[in-house]
Structures are given as structure tokens and as C-alpha cells.
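Examining the three-dimensional arrangement
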Number of protein chains: 4
Amino acid sequence: MEKYRVTIYNEFVHEKKNEFVKKLYPKGMHEAIGDYMKKEPGFSVNYATLDMPDHGLTQEVLDNTDVLMWWGHVAHGQVKDEIVDRVQTRILQGMGLIVMHSGHMSKIFRRMMGTSCGLCWREAAERERLWVVNPNHQITQGLGAYIELPNVEMYGEVFDIPEPDELLFISWFEGGEVFRSGCVWHRGRGKIFYFRPGHETFPIFYNKDVLKVLANGVRWAKFAGNTEARGVIECPNVKEPLEKLSPKDYKMGEIEHPKA
Amino acid sequence: MEKYRVTIYNEFVHEKKNEFVKKLYPKGMHEAIGDYMKKEPGFSVNYATLDMPDHGLTQEVLDNTDVLMWWGHVAHGQVKDEIVDRVQTRILQGMGLIVMHSGHMSKIFRRMMGTSCGLCWREAAERERLWVVNPNHQITQGLGAYIELPNVEMYGEVFDIPEPDELLFISWFEGGEVFRSGCVWHRGRGKIFYFRPGHETFPIFYNKDVLKVLANGVRWAKFAGNTEARGVIECPNVKEPLEKLSPKDYKMGEIEHPKA
Amino acid sequence: MEKYRVTIYNEFVHEKKNEFVKKLYPKGMHEAIGDYMKKEPGFSVNYATLDMPDHGLTQEVLDNTDVLMWWGHVAHGQVKDEIVDRVQTRILQGMGLIVMHSGHMSKIFRRMMGTSCGLCWREAAERERLWVVNPNHQITQGLGAYIELPNVEMYGEVFDIPEPDELLFISWFEGGEVFRSGCVWHRGRGKIFYFRPGHETFPIFYNKDVLKVLANGVRWAKFAGNTEARGVIECPNVKEPLEKLSPKDYKMGEIEHPKA
Amino acid sequence: MEKYRVTIYNEFVHEKKNEFVKKLYPKGMHEAIGDYMKKEPGFSVNYATLDMPDHGLTQEVLDNTDVLMWWGHVAHGQVKDEIVDRVQTRILQGMGLIVMHSGHMSKIFRRMMGTSCGLCWREAAERERLWVVNPNHQITQGLGAYIELPNVEMYGEVFDIPEPDELLFISWFEGGEVFRSGCVWHRGRGKIFYFRPGHETFPIFYNKDVLKVLANGVRWAKFAGNTEARGVIECPNVKEPLEKLSPKDYKMGEIEHPKA
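Residues numbered from 1 in each chain as written. Chains lettered and ligands numbered in written order. Predicted model: local features only at pLDDT ≥ 70, side-chain atom pairs only at ≥ 80, totals over all residues.

**Observations regarding the overall build of chain A**
- Scanning chain A from terminus to terminus reveals 7 helices and 9 strands.
- Taken along its principal axes, the extent of the C-alpha atoms in chain A is 75 × 40 × 35 Å.
- Considering chain A as a whole, with its 260 residues, one finds that 60% of them fall into the buried category.
- By sequence separation, contacts in chain A at least 24 residues apart represent 70% of the contacts at least 6 residues apart. (Helix = DSSP H or I, 4+ residues; strand = E, 2+ residues; numbered from the N terminus. Buried ≥ 20, exposed ≤ 12 C-beta atoms within 10 Å, placed from the backbone. Contact = placed C-beta atoms within 7 Å.)

**Let's talk about the sheet that holds strand 1 (residues 4–10) of chain B**
Residue and element names in this part refer to chain B.
- Taken in spatial order, the 9 strands make up an open sheet running 2-1-3-4-9-8-7-5-6, and their pairing is mixed. Single-partner strands in this sheet number two, and they are strand 2 (43–49) and strand 6 (146–156). Direction aside, the axes of adjacent strands within the sheet are offset by 25° on average.
- The pairing of strand 5 (residues 120–132) with strand 6 spans 9 bridges and is classified as antiparallel. Pairing of C120 across the sheet is with G156, part of strand 6. (Pairing = 2+ DSSP bridges. Axes fitted to C-alpha atoms, helices over the stretch in contact; angles between N-to-C directions.)

**Digging into the sheet that holds strand 8 (residues 178–187) of chain A**
Residue and element names in this part refer to chain A.
- Strand order across the open sheet formed by 9 strands is 2-1-3-4-9-8-7-5-6, with mixed pairing between neighbours. Edge positions in the open sheet fall to strand 2 (43–49) and strand 6 (146–156), since each of these has one partner strand only. Pairwise comparison of adjacent strand axes, ignoring direction, gives a mean angle of 25° for this sheet.

**Side note on helix 7 (residues 208–221) of chain D**
Residues and elements named next belong to chain D.
- Between its first and last C-alpha, helix 7 extends 20 Å over 14 residues, near the 20 Å set by a 1.5 Å rise per residue.
- The buried fraction of helix 7 is high, at 10 of 14 residues.
- Among all positions in helix 7, only V210, L211, V213, L214, A215, N216, G217, V218, W220 and A221 are buried. (Expected span 1.5 Å × (residues − 1).)

**A look at unusual backbone geometry**
- With an omega of 15°, the peptide bond running from E157 of chain C to V158 of chain C counts as cis.
- Relative to the elements of secondary structure, V158 of chain C occurs in the loop between strand 6 (146–156) and strand 7 (166–173).

**Remarks on the pairing of strand 3 (residues 67–71) of chain B**
Residue and element names in this part refer to chain B.
- For strand 3, a buried count of 5 out of 5 residues is recorded, marking the element as mostly surrounded by other parts of the structure.
- With 5 bridges joining them, strand 1 and strand 3 adopt parallel strand pairing. By the bridge assignment, Y9 is partnered in strand 3 with W70.
- The sheet contact formed by strand 3 and strand 4 (residues 96–100) spans 4 bridges and is parallel. Paired with V67 across the bridge in strand 4 is G96.
- Regarding the hand of the β-α-β motif, the stretch spanning strand 3, helix 5 (residues 81–93) and strand 4 is right-handed. (Right-handed = clockwise from strand over helix to strand, strands pointing away.)

**A short note on the confidence of the model for chain A**
All names here are of chain A.
- When pLDDT is averaged across chain A, the result is 91; 91% of the residues are at 70 or more.
- Segment residues 226–231 is flagged for pLDDT under 50; beyond a separation of four residues in sequence, or across chains, it makes 17 contacts in the model.
- Contacts for the low-pLDDT stretch residues 255–260, under 50 throughout, to residues beyond four places or in other chains number 9 contacts.
- Overall fold confidence (pTM) sits at 0.95, and the ipTM for the predicted complex is 0.93. (pLDDT = per-residue confidence, 0-100.)

**Remarks on the environment of S106 of chain D**
Residue and element names in this part refer to chain D.
- Position of S106 among the secondary structure elements: in the loop between strand 4 (96–100) and helix 6 (107–113).
- You can call S106 buried: it has 24 C-beta atoms within 10 Å.
- Considered as a pair, S106 and V87 are 19 residues apart in the sequence and their alpha carbons are 12 Å apart.
- Apart from residues lying up to four places away in sequence, S106 is in contact with W70, G72, H76 and V99.

**Side note on the environment of T89 of chain A**
Residue and element names in this part refer to chain A.
- Relative to the helices and strands, T89 resides in helix 5 (residues 81–93).
- Classification of T89 as partly exposed rests on a count of 16 C-beta atoms within 10 Å.
- Along the sequence, T89 and F205 sit 116 residues apart, while their C-alpha atoms lie 29 Å from each other.

**Details of the environment of H199 of chain B**
Residue and element names in this part refer to chain B.
- On the secondary structure map, H199 appears in the loop between strand 9 (190–195) and helix 7 (208–221).
- Classification of H199 as buried rests on a count of 25 C-beta atoms within 10 Å.
- On a C-alpha basis, the gap between H199 and M154 in space is 9.6 Å, while along the polypeptide they are 45 residues apart.

As C-alpha cells, this is what we get:
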């Protein structure tokens, strides 16, 4: 059976400081997500939180992770740049990345996108409907025409991201906005999936459709690449041409300065 | 007449250290490029080099730049991170960026792409033919089916970049390789153009077709965006919904912990 | 001044049969659109309707059209296939195409897309809000964050189109759906813009923002391509290699059948 | 084990008319390809040729095909339009399509692309090197940095196709040209893969790397979509809004003609 080694990063701050959030996610959002993932065929789950050494993201952990899931909100700035460098390198080598909700402002997501990743938002516990616009993608399998969430924080356009390689979900909000809620990109040998649901004050990570999408995301994001092909990360000097070169009229140091 | 305020950054190291390069580009590659650009209708040209204060890229300079051109090779690491931050912010606000040749490994290009931007290479003064694969794009106007360069440094695939929004040129090399030599991306409000030609030891920046493409690139990359639209850089809280919200069954602090 | 020769095709059936539509668009939707276009700098306007010879789309008309706008609904099937062939050829040669509203099911749009172009719909005179998700594109210039239309026919996802080259607008509907309402594609040397608004029973084509987007669309869709580049439409035999070929070990008729 | 029901269409004309081709492919190119496919885990193979009733592509055959492979050259015009319609419909419903070599000018490929699919070509038995530019894709697994073919017909740019969703291979030709040799697109629920190698006068379809790519293509192109999601092919009227609509000020027949 195919194996999926998942590491779930959660800054794990709200759940310790806020009584309401603690009641909702007593073991943290990461364990709510992990409890579901553990039951998926072939999945093994590891947790990482901000206060662990290296935020739980040592080189050894990353080397043994197929897909990294990321949740952060108030503590993006506390994630060390050297850890972000390390995670980026592993993604470019083929580790999948799933970014959830407020993770859109995390250092790692902004690093991979190259853009501000800004958006507009509102907390009014309004209704959201995530429409599947690509019913053929591996990530949208097993869903109906949409996922409905009764109470959410709203995210609205303009979402400052590179045009997704594929757009999977568009959200409708009761208050009048829309949002590109499910997007995928390829970067280096890695695959990246952004999925919007997931505010800390709502029981989003107990919703079966949300969890199903995240599990599909893990299966999609796992690297299936060709480790024999050369040159993705390095910048090698390939001295020998494959074809014989013609005699050069060019000689180093003997070129005349052309007339502009 | 449309105005194009161009700033050309060149690290300007080879031209001062290497006698051969100095002979080829006595005032630096930036001025060779600039001499052509100055003759284009509406173009004004400003220069920036590594050894200037802020590498010549002060906030004031960037605020008055429509398109920034970038050449660097041996001194990428000496470009200060705070200047890279500043340039990235201006690109996301709408400044165009044209990256030439070995600039593929510059901090700013890797920052905008999110990838390693690696490739493979060879110095053998071989022949290159840049085929136009998108003859309809603004950047390829005024060219024939290809541009031929008699002596170049080779760049070969795999080029570790995000799939370009549009692919404009593919290079054929005498020694047997191919390369995606002209690529464009959109990031934030900014436009980015990577163009391969330009090694310091060849008179590439006197080639009329190369210069024509770069001037077309400036015209394409200049921001024409809508400054009224909200939300590209900031992440604003839009408190008032546009539509009236239904009464909520959700109350903060009263949600029961759902059964997992 | 740049010239834009616009031909507006309207099947012109509803306006002649339905008293209500006739009152709303007494000269037809094409002339409502055309009255606005004529006032744009450099625009000239020509009309084509189903009942004209060749539906008004003779070779001469097409040869003198920069951008063709298309509205149809109940009479898609009456458009002759030979005219669709002719229009497709001209688009591939560089004529722009703007498809409005129910034109999504026209023969020419389905021909250019290769897909069914299906969607779901509802007539309930509900509110629509078209959010600008790409505020930097030429087509979205001069708009606010969204266009609001008080009464429209709803179009909902899944919209069976190829992933757009760029997504410009996403619609929010009062009744709970979303839709990719502004999409662009490149095909051959031609540019294609689909824009959702425009039902015959609503005064959509008098809305200044809708008309502004359509005029921007004309400016964007006009061909600016390179007529010197070879090979876009034809499939030429280029007998002479650019490089000298090596002696072949292959001789026609002398190859042994390899072992499978 | 996953099942892959493959139908290989070959017009099967050259092999019956030309002594040299007959010697090279005594049972036709389709059987050369099929002999390899039959050995892949889970693959079953069916053949279709031009001279069969319905060209071997009855509704029943298509309904029992996961992936259709297509080779044609001199007899594209003899393929009946009604069969092309039928094949297109099945692709939009989720059947994969792999188009090989001169199949670029087939009715079905041009139908799916919407473009002319033209290119330039030369028969000079020259060397080709297909570089992998996307080493992470399912289709390029198990290959080295490139595939080398000693004697081929050349195809050169401009290849008149929609920008591929992903570009997998770029060819280098001894005679000086380049070509986008491996491209994938999504259309409706179907996946399409174009792969360049395959001229009738060369033993291309005995090359193990070429066959490996084609088998990978079958695995990639097989539909894995969600048959529950609505609306891809049909255009349904969804009468009931999900949300309650506000009272309308609009009444059919009572709208005043707005001032233009």
C-alpha cells in the first residue's frame, strides 16, 4: 500500500490562550486534523508546533515527510527564517505543502508564491458555500457540487497570488463576496495546495467534507517525481557538448568592440 | 507620448576586473543597453550598480521607475536583503522587472519565482538560435522566425522555474541542448520577463535583435493597472457585509465540541 | 490614432418576436452596444445579423474586422457551419472575438474552446456582483472592486471551458451560486474574451460598467501580432536544414525489422 | 489492480500500400504499440482502423475505452465527422486521448484544440533529442534527462496549439529546429496528451523510451473524476435558488427604456 507520511504544523497559540478555542480544539487544531488523517489508508501522522525546537521541523523530520500541512495565524513572525529556508528547500526537492486558511500569510507560503498573498476579510460568522469548479481533479473527488459551512470568517478577493495552475474551488459568502478557495501550484519538484477553510473559532476541522478534501490533498501532493532527472536544484556545469561544435571564429580577447 | 522610465541595474564587476570584458563593454553592460534604450520613443534611462549607496536602488529611484532591468552574475550574494525586499514590494505594486541571462540566480528573481531557478550551463562559444514560439506577443514583434547568435554561453534544461504564464522563445544550441529562453509571469500588479541572452564575454548587448526584444519587454512590462481596485497588497478588514446576514445559530463560546 | 474596426453580430430574434424585449431594445441589442462603441476613440462599428446573407459575415466583412462581438441565444443552430469555419479561420489569423452571455453555447465559441461550454442557469431576476479578481488587466481598467447588476439571469458553475489563460471576473449571485464571468484565451493569432452579462430581458447593455468592459475588451482583443513570423496557419515543408546533417546510417528500405 | 482499457486507432494505410513500411510494421503501427501495452500491468488493448465499420469506434467501443490513442497521416479527411463528434463527446465525459506524431492534423485533435495545429516539417532522417523539461510529471517517470532518436522526421515551431497546461518535452533537432514535443491539456472531464515521435518510415514504435512514455501517458490520462458533480456536459435549469431572494423592483414588461 502507498505510504503517506504527513507532518501537521500548527503554531498552537490560540488553543492555549483562548478559553473558547481551547474548548473547541482541546488538543489543538493539528490533532483534530491528525485524528482524521490517521484513519486514512497508508497515512502516518507527525505533529510540529511553534514552541518545539526548530518548531518541530528539523531536517530529519522534513526528510521523513511526504506532505507538510501548515496552519498559522498570529505567530507567523516568530517562525525562524532559517526554518523557512529549510522547508522551502525540501518543497523544491519534492515534499508536498498544504496551506490552510490564515496560513496564506505565513512566511513559507509567501516565500513559495513570491507575492504578498493579501486578501480582505470579515468575522461575522456568515455562511459559506465552496463550489467545485473542477470536478475532475483528484482533490475534489467524493464531493457533491459544493461544500456548505454554516459559520465562517469571510475571505474576499483580490487574493494576491500567482494565477493558480488549476483552480478547484470558488467560495460564495452570504455577505456578498467571492474567493478562490482551492488553488494548486507546482514549484520545483513540489506540489502546493491552498485550501481556505479553517478559522480557530469555528469547528471547521471537524467537518467531514473539509477533512476529505485535505486527505485528498495529501494524496495529490505526495511527490511522484523522477529522481534520476538532473538539474532541478543544482546549477551544474556540463562541460562536454553532446554534439560536435563547429570551429569558432570567436577567440577570447580578440573580439573587436562592435560599433554600437 | 507614453513615457517609459527605465532603471538598468548591473553589478558592474566583470567590466572593472577583466581586461577582455572591459574592452568589450568599456562603460559597462548597463550603458551598452542604455545607449540603445535612450533612442526608443518616450524612454528615459537611469543606471544603478552594486557599489552605489543602496546599490543605486533607493526608494526614490524605485518610485520613479516603470521597469527595472537586472544583470548580475558573480556578486548576487552582495546585494543586501533589505534592498531585495524593497524591490519586491515595488514589483508587487506594479513596477516591471526584466531579468537578463545570469540574473536567473539573482536574489530578486529567485524571490519572485519561489524556486531555485537552477539550470545547467557550458562555456564553449557555441551557436544559439532563439526560436519565436509565440509570434503574437508584444515582446516578439519585429522579429523573424528566430534570432541567431554565433557565440554564446549555453544554458540547458531543466530550468527550475514556475511554468511561465506565456512561453515566448525556445533556444536551440549547437552542442545539443534546448532552453526556455523567453518567459513571462505576472506577480501582484507587476510583470516579469526573463530573457536568456547576455554573457559578459560576448558582444550580445550590441545585437540589434536582442536589444529590440529588451525594448519590447520594457513596453510590455510597464504597469497599466487599475489603482482604484482594492486589496492587492494590504489585508484589510472589511467589516460591513454588502448583503444582510441571516440570524446566526452560532454564538461565541456556546458551541459544543462536536464528536470527532 | 489607433483604429478599432468592430463588427457586432446579434442573431436579432428576441427583439423582433417578443414585445417586452422589443420595448427594451427597439433597434436590437447590437445597436445598443454599437451606440456606445461608436463614441470610443478610434472605433468604427459594423452590424451583422442572422437574416443577412452569410449572416452578415462575408469574407470581406471579416477581412475588415479587428474584433468580432457575438450575441446569440435561441438560433445558434441556424448559423451555417461554413460561416463558422470562416470565422474560426479569421480568428486564428488574428481577429479578436468577444462572446457575450448566452453566446457561450454558440457554434463559434464551442469550436474555439473544444468543450461543451455547458453551465447551469436560473431566471429569477436576482442580484449579481461581478468581482474583479485581476485588477491589473487591460480589460478591468476604470472599474471599482466590483460591478453590481440588480436583476439578472443566473449562470452557475461548473462552466465547462478550458482553464482560462487569465481569469478576470468572478460573479456572486444572490441565490447562492458563483461563476467565472470574465475569462480570456489565446487561440492561434487571435484573442478571445468571454463576458457573462447580457440577457435580452434586462437592460444590461445600457449599463455603463458593462459597456466599459466590452470597449476595454475590444482594445485588448485587437491583433498586434507579427505578420512576418512563419508557420502559424500553414504546415510547410522546410526542406533545407539550417545546420549540416551528419551522415546517416539509416537508408530507406534497408532498415531491419527490430526485435520487439 | 487498476484497469486500463486502451483502444489504439491507426488509419493503417501506409502499412498496406508501401513495401518499406509494411516490412517495418508488418501488422501495422497499432499492433507494434499494442504488443508493448499488453504487457503493462492492468492494460487491455483493442484496435481500431479506418476501414472498420465506424472506423472501429462504435459507441460501445468508446464506452468501454479509458484511453484512446490516435495515429493518422494521409487519411485524416476520410474520418467521418459523426465519428469525430462521438469521440469528442466521450473525451468531454472523461475518456483520455493520446495523439501521436502526424495525428496533430487529425480532425479530433484540431476539434479539441480549436486551432489549426499547424507546424513546419522536414524529412531528412536527422537526429532528435527530446529533453524532459518537467521531470516531476507522471508521464516523464523512468526516463533520463532526454530521449535520443537517431533518425526522425523533423517538426518545427511555430506549433499552433493553445498554450499547454503543462509542457513536458522540448525537442532539439540536428538540423537546427526546436519543438514542443510533449504537451498536456484538460478538456471537459478528459485529459489529452500530444507526443511527437512516430513517423511511419522509422522504427520509432519499437523504441523502449517512446513506448514507456506512451504507457505512462495511458496511466495519466485515465479518468479519475467525480461522476456525482453536476453540470459538465449538460446545461441544466436550476430553478430553486439556494438562498432566499429579495423582493424585486423589476417586473417583466414594466421596465422603462433607460436613456442611452
